[in-house]
Amino acid sequence: MQTSQYVEYETIKEIRGPLVIVEKVGSVAFDEMVELELSNGEKRSGRVLEVGLGYAVVQIFEGTSGVSTKGTKVKFLGKTLEVPVSEAMLGRIFDGLGRPLDGGPPVIAEEKRDINGFPINPASRAYPEDFIQTGVSAIDGMNTLVRGQKLPLFSGSGLPHNMLAAQIARQATVRGEKEEFAVVFAAMGIKYDEALFFRKFFEETGAIKRVAMFINLADEPAMVRLITPRMALTLAEYLAFERDMHVLVILTDMTSYAEALREISSAREEVPGRQGYPGYMYSDLASIYERAGRAIGKKGSITQMPILTMPADDITHPIPDLTGYITEGQVVLDRGLYNRGIYPPINVLMSLSRLMKEGIGPGKTREDHGDVSNQLYAAYSRAQELRGLAVIVGEESLTDTDRRYLRFGEAFERRFLSQGFYENRSIEETLDIGWEVLSILPESELTNIKDVFIQKYHPRRRSSGGS
Amino acid sequence: MQERKGRIIRISGSLVVAEGLPMPQMYEVAEVGEQRLVGEIVRIDGDRSYIQVYESTSGLRPGEPVYGTGSPLSVELGPGLIGQIFDGIQRPLKRIAETSKSIFVLRGIKLEAVPRDRKYVFTPSKELKPGDKVGPGDIIGYVDETPLIRHWIMVPHGVSGRLIEISPEGEYSVEDPIAYVEANGEKTAVRMLQKWPARRPRPFKEKLEPELPMLTGMRILDTLFPMAKGGTGAIPGGFGTGKTVTLHSLAMWSDARVVIYIGCGERGNEMTEVLEKFPTYKDPWSGRPLMERTILIANTSNMPVSAREASIYVGVTMAEYYRDMGYDVLLVADSTSRWAEALREIAGRLEEMPAEEGYPSYLQSRLAEFYERAGRVIAVGEPKRIGSVTLVGAVSPPGADFTEPVTTHTRRFIRVFWALDTALAYSRHYPAINWITSYSAYVDTVTGWWAKNVDKDWRDLRDSLYSILLRENELREIVRLIGPENLSEPDKLIMETARIIREGFLKQNAYDKIDAFASPQKQVKLMRAMVNFYRNAKKLVDSGVPVKVIREKTQDLITELIKARFTIPNEELDKIDELDRRITERLSQIGG
Ligand SMILES: Nc1ncnc2c1ncn2[C@@H]1O[C@H](COP(=O)(O)OP(=O)(O)OP(=O)(O)O)[C@@H](O)[C@H]1O
Ligand SMILES: [Mg+2]
């Protein structure tokens, strides 16, 4: 590389949080990459956040601690942040900026791409519709995931979201297809043992060969977190749309990402929005989450499963709130269920899959799927309401039917929701368990199910009936 | 013409500051940098122009040139708009995909909104002949844009005089002159293509009160909280409560003639869904594919924020244009909160003084101006036309908190409020429209239409149905204290009837073939069956029959009634009458 052509500056005027303000610069581009060389020879990288005549504001990824206004050299690299991408990145482990962490050789780029990517043209998208069987009843039966969807896990600290994500990554299949998912895993600010959990899990299941991991740990520089998911998604886009692969992207923990965003915003002294998070956080998160889907004329797809921990388990906190406003539903984990020993502790009422309708039904799952799901929802929400009521007025002041609802609620949680970490249920098993718990209710209560399906699938009809 | 040129002195995100651009105008479109990225001047300070750029500014450098275009952000109007999908500044997304051969929207692409290479059969007006006086809005002919939309060609604003030539019937492109108008010795060509500045409302002769319902096929809307043609409405709700599904349903089933759907800072897939579905679904009022009456604007959440801000003006200008032809236009915007956030982002970059929650202080006047562009009007020009623009905006309050600025300000400017409720959505009661907190100011407006065209008892049935729901709401509080079994018998009947209404009338599955669209007749018949049940059962209760007995004796029929919404199609409504009769009969047997 002809590094000599870049002018070096030693004109840092101000250092503010992760930002460095450089003076007397020549022609610098907005969003240009920057290399910093400290007086001890250490190198850091950054990018231009704002530029004017003769000055540039630079965000330093590794943070500014130890950086001095004197003796630090600033070099503008004449290009925006690009990553090398290649199929050979599967099976490899990188740091949050894409540098190999596994002692392997540097990646030989098949192509270099701007990490910000470009928005997918809405007219070029193809609507996701292929049912992914995750083997988890609460998801397959009631919050069905489809290929190309972005479906986050909303969790709380200490809840088993990593287990669930790992179980889904292991079990996810599209029925009738042999090809397995390639997994791009991006960790932002997670703990070492969590990163290790995923790594060992991928190794043990033999999946590691089709996994690319980008890891930024909790004790590593926060600003890198703003880059890591974009690295991962740039690779995912390449694999999906140039290499015809079906890619599952796991992003964890988006809460750490959002906190880094808040940090940089306050360093820039921007007007804060809710709870100190910047007003543009919605658009910023969208620039990550929208990088999922299918496209016309392309074989591959990107399915996204971001994980976030809700501060204080509060779903109205800006991070889950804005995420929910962008993603195509959410799977919510619940501390109450967890404490009662239910795994996976999925709160189905708060969970939602918006793309479910296109992925289910005859030819995809089973004809009764939609009705069964609707009925389970209606019945479980009634059961929950009555549970609250029973606490106050006592079970005896409920009607017979209402008491049956209470029994249904119990059975739903113990039989339908609850399953093992290694239990991989087919969609038929899931639906049959659904019918089994619904049969606790009087048939006249099944107002969401068409009569033909009751005739065909209701356990009482099936055991007593002719066919 | 002399090119007006300045140079960039600062770049911060989508905001570019330029120096030395001669005579800049507020809201003038400027082209920025070597790549000539499109932007709009949003502030002028001495020699400096602040430009909000509609595309990513990554890689732009100070010192690069900036060009003034001399014209404000304008919308192209003419045949060829229907059926298309545009971005927030009216670039045609399908043709962008075709020309760029990329699934991504790359930068610096400039394509015209109205296709120039297509020809349309223009038929001149029979009423006009050379020598006649014509003025703005006068119809000089038409083009059949789609089998559903006869596109009336109007004399553009700013043109009037004597018609000296009009083209005979034949094929023309939108830029071909099809008529000449002379005034003061000057000859002006009239073309099918016109332009109009997006931020300026198109004029009309007179604003009228809304008179007719905008029928939607959604029972809770048409029956309880009706929209009127030319009215305004908002649909606020937390994430996942059903704003988009409701707006999609409105776009699909409304009896509007032209529908403009704006995806403003929302999901890409939601636009794809419309693009895939609308060509194959039929407008229930005309039987034609929905795409023949629909225009889409998609400036999704990951597309540039400044173009998002512009998108609703581009959309409403097109709406007014079709209104001026005499059509009833429905415009839905999903979501106005994302638009307001774009406004906030731009204001923040300009370092303007923030008001509540960082929004600029002019948020409310901008909202007012937007909703003010709705209405039923007498259009400018001859022959006389009455058209309307109905505006419905989704609102996405942070944390589903309706006291936040966008929701509270919006409330002041709209007349129909469809409040989505997170609790209802969690329990999968769809549409999750809360019937206690929602309202419509058009119930009286539309009563006459229903009485005349559907059923003279409409208002009486509606009010009875609603009062049962209101009473149930009070009783629910009491049930929480004493349990359902301790209610009085008449109150138990209220609870039971309200359950039937909630399950069998209010709930409506947007994805069920039969349930999704309920004709006005179906709505009334279902409502009548339920109100009849209540009235007849009430007589029994008053004569001492316990509700428990009524429930047991009618259970099978009630289950049938609740399922009728998705088992009985609009074409077989006698089945509801017949069910109604059977229920009445069964009840009379209990009494006897
Ligand atoms: N009338 C309905 N019939 C059936 N399902 C519905 C209906 N309304 C809403 N839903 C369900 O609720 C989900 C969320 O609805 P929708 O996408 O409209 O929410 P939203 O309010 O637009 O959310 P956001 O603000 O995040 O965009 C849908 O995917 C669908 O599953
Ligand atoms: Mg929506």
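On a predicted model such as this, the values are computed, not experimentally measured, just so you know.

Asker: Which parts of the structure should I look at to understand the nonpolar core?
Answerer: The tendency in soluble globular proteins is for nonpolar side chains to be buried side by side. Formed by 170 residues in total, the largest nonpolar core has its most connected members in Phe 202, Val 348 and Phe 408 of chain A together with Trp 418 of chain B. Ranked by residues supplied to this core, first place goes to helix H13 (residues 520–542) of chain B with eleven residues. Phe 202 of chain A has contacts with Ala 169, Val 183, Phe 185, Ala 207, Ile 208, Val 211 and Met 213 of chain A, leaving out every residue within four places of it along the chain. Formed by 76 residues, the second largest nonpolar core is a distinct cluster that contains Val 114, Val 134, Ile 149 and Tyr 371 of chain B.

Asker: I would appreciate a short explanation of the sheet that holds strand E13 (residues 161–166) of chain B in the present structure.
Answerer: Strand pairing in a sheet relies on backbone hydrogen bonds. The paired strands run either parallel or antiparallel. Residue and element names in this part refer to chain B. Spatially, four strands are ordered E10-E13-E15-E16 in an open sheet, and the strand pairing comes out antiparallel. Both edges of this open sheet fall to strand E10 (133–134) and strand E16 (186–191), since each of them pairs with a single strand only. For E13 and strand E15 (residues 177–183), the ladder comprises four bridges, and the chain directions are antiparallel. By the bridge assignment for E15, Leu 163 is matched with Val 181.

Asker: Can you help me understand unusual backbone geometry in this one?
Answerer: If a residue is not glycine, its phi is most likely negative; likewise, a peptide bond is most likely trans. Residues and elements named next belong to chain B. A cis amide bond links Glu 382 to the next residue, Pro 383, at an omega of -15°. The topology assignment puts Pro 383 in the loop between strand E25 (375–378) and strand E26 (386–395). For the bond running from Tyr 430 to Pro 431, omega is -10°, close enough to zero to count as cis. Looking at the secondary structure, you find Pro 431 in the loop between helix H9 (422–426) and strand E28 (439–440). At Glu 357, a position not held by glycine, the phi torsion is positive, near 45°. Among the secondary structure elements, Glu 357 is positioned in the loop between helix H6 (336–349) and helix H7 (363–372). Relative accessible area serves as the criterion here: at 33%, Glu 357 is assigned to the partly exposed category. The phi angle at Ala 400 is positive, at roughly 55°, despite the residue not being glycine.

Asker: When you look at the pattern of salt bridges in this model, what are you seeing that I'm missing?
Answerer: Think of it this way: side chains of opposite charge can pair up when their charged atoms draw near. Summed over the entire model, instances satisfying the criterion amount to 101 salt bridges over all chains. A salt bridge links Lys 150 of chain A to Glu 290 of chain A; its shortest N-O distance comes to 3.2 Å. Note that Lys 150 of chain A is positioned in the loop between strand E13 (145–146) and strand E14 (153–155) and Glu 290 of chain A in the loop between helix H6 (281–289) and strand E19 (293–295), a separation of 140 residues in sequence. Note on Lys 150 of chain A: relative accessible area 0%, which makes it buried. For Glu 290 of chain A, a relative accessible area of 1% corresponds to the buried category. Asp 455 of chain B is the salt-bridge partner of Arg 528 of chain B, the closest N and O atoms lying 3.0 Å from each other. Separated by 73 residues along the polypeptide, Arg 528 of chain B in helix H13 and Asp 455 of chain B in the loop between helix H10 (443–453) and helix H11 (458–482) bring together distant segments of the chain. Judged by its relative accessible area of 22%, Arg 528 of chain B falls in the partly exposed class. A network of salt bridges, in which partner residues are shared, links Arg 382, Glu 385 and Asp 402 of chain A together with Glu 472, Arg 476 and Arg 502 of chain B.

Asker: Explain helix H10 (residues 369–393) of chain A to me, please; I cannot follow it from the model alone.
Answerer: If you check H10 of chain A, its first and last C-alpha atoms are 35 Å apart, about what 25 residues at 1.5 Å a residue would give, namely 36 Å. In the segment just after H10 of chain A, Gly 394 of chain A is the residue with positive phi, at about 85°.

Asker: So what exactly am I meant to see when it comes to empty space enclosed by the protein here?
Answerer: The rolling of a water-molecule-sized probe over the atoms marks out the regions of remaining empty space. On inspection of all chains with the given rule, the structure shows four cavities of 30 Å³ or more. Taken as a whole, the largest cavity holds about 200 Å³ of empty space. Lining the largest cavity we find 20 residues, and of these Arg 274 and Leu 322 of chain A together with Glu 341, Arg 344 and Pro 398 of chain B sit closest to its centre. Elements with a minimum of two residues in the lining of the largest cavity: H6 and helix H7 (318–324) of chain A together with H6 of chain B. In terms of residue class, the lining of the largest cavity is made up of nine nonpolar, five polar and six charged.

Asker: Got a minute to help me understand the domain arrangement of chain B in this structure?
Answerer: Many structure descriptions define interface size as the accessible area lost when the parts assemble. Residue and element names in this part refer to chain B. What the domain assignment reports for chain B is domain 1 (5–72), domain 2 (120–192), domain 3 (205–434) and domain 4 (454–591). Every contact between the two is made by 14 residues of domain 1 and, on the other side, nine residues of domain 3. Area buried by domain 1 at its contact with domain 3 is led by Arg 43, Gln 52 and Tyr 54, which between them contribute 48% of it. Between the two partners, domain 1 and domain 3, sit zero salt bridges. Our count for the contact surface shared by domain 1 and domain 3 stands at five residue pairs in polar contact (both at pLDDT 80 or more). By residue number, the principal contributor to the side of domain 1 that touches domain 3 is strand E5 (residues 48–53), which donates three residues. Class assignment for the residues of the side of domain 1 that touches domain 3 results in six nonpolar, five polar and three charged.

Asker: How should a nonpolar patch on the surface be read in this particular structure?
Answerer: A cluster of nonpolar side chains, namely Ile 478, Leu 481 and Ile 482 of chain B, defines an oily patch on the protein surface of about 270 Å² accessible area. Overall, the relative accessible area of 66% leaves Leu 481 of chain B in the exposed class.

Analysis parameters
- Residues numbered from 1 in each chain as written.
- Chains lettered and ligands numbered in written order.
- Predicted model: local features only at pLDDT ≥ 70, side-chain atom pairs only at ≥ 80, totals over all residues.
- Heavy atoms only, no water.
- Core = buried A, V, L, I, M, F, W, Y, C linked by side-chain atoms within 4.5 Å.
- Buried < 20%, exposed > 50% of the residue type's maximum accessible area, 1.4 Å probe, protein only.
- Helix = DSSP H or I, 4+ residues; strand = E, 2+ residues; numbered from the N terminus.
- Contact = heavy atoms within 4.5 Å.
- Pairing = 2+ DSSP bridges.
- Salt bridge = Lys/Arg side-chain N within 4 Å of Asp/Glu carboxyl O.
- Expected span 1.5 Å × (residues − 1).
- 1 Å grid on protein atoms, 1.4 Å probe; cavity = no way out; pocket = protein on both sides within 12 Å on 5 of 7 lines; lining within 4 Å.
- Points joined across faces, edges and corners; volume = space filled by probe spheres on them.
- Nonpolar A, V, L, I, M, F, W, Y, C, P; charged D, E, K, R; others polar.
- Domains from an automatic or database assignment.
- Buried area = accessible area lost by both parts, 1.4 Å probe.
- Polar contact = N/O pair within 3.5 Å; in protein donor to acceptor, adjacent residues only side chain to side chain.
- Patch = residues over 30% accessible without salt bridge, like charges linked within 9 Å, V, L, I, M, F, W, Y side chains within 5 Å.
- Areas by Shrake-Rupley, 256 points an atom, 1.4 Å probe, with all protein chains shown as cover.

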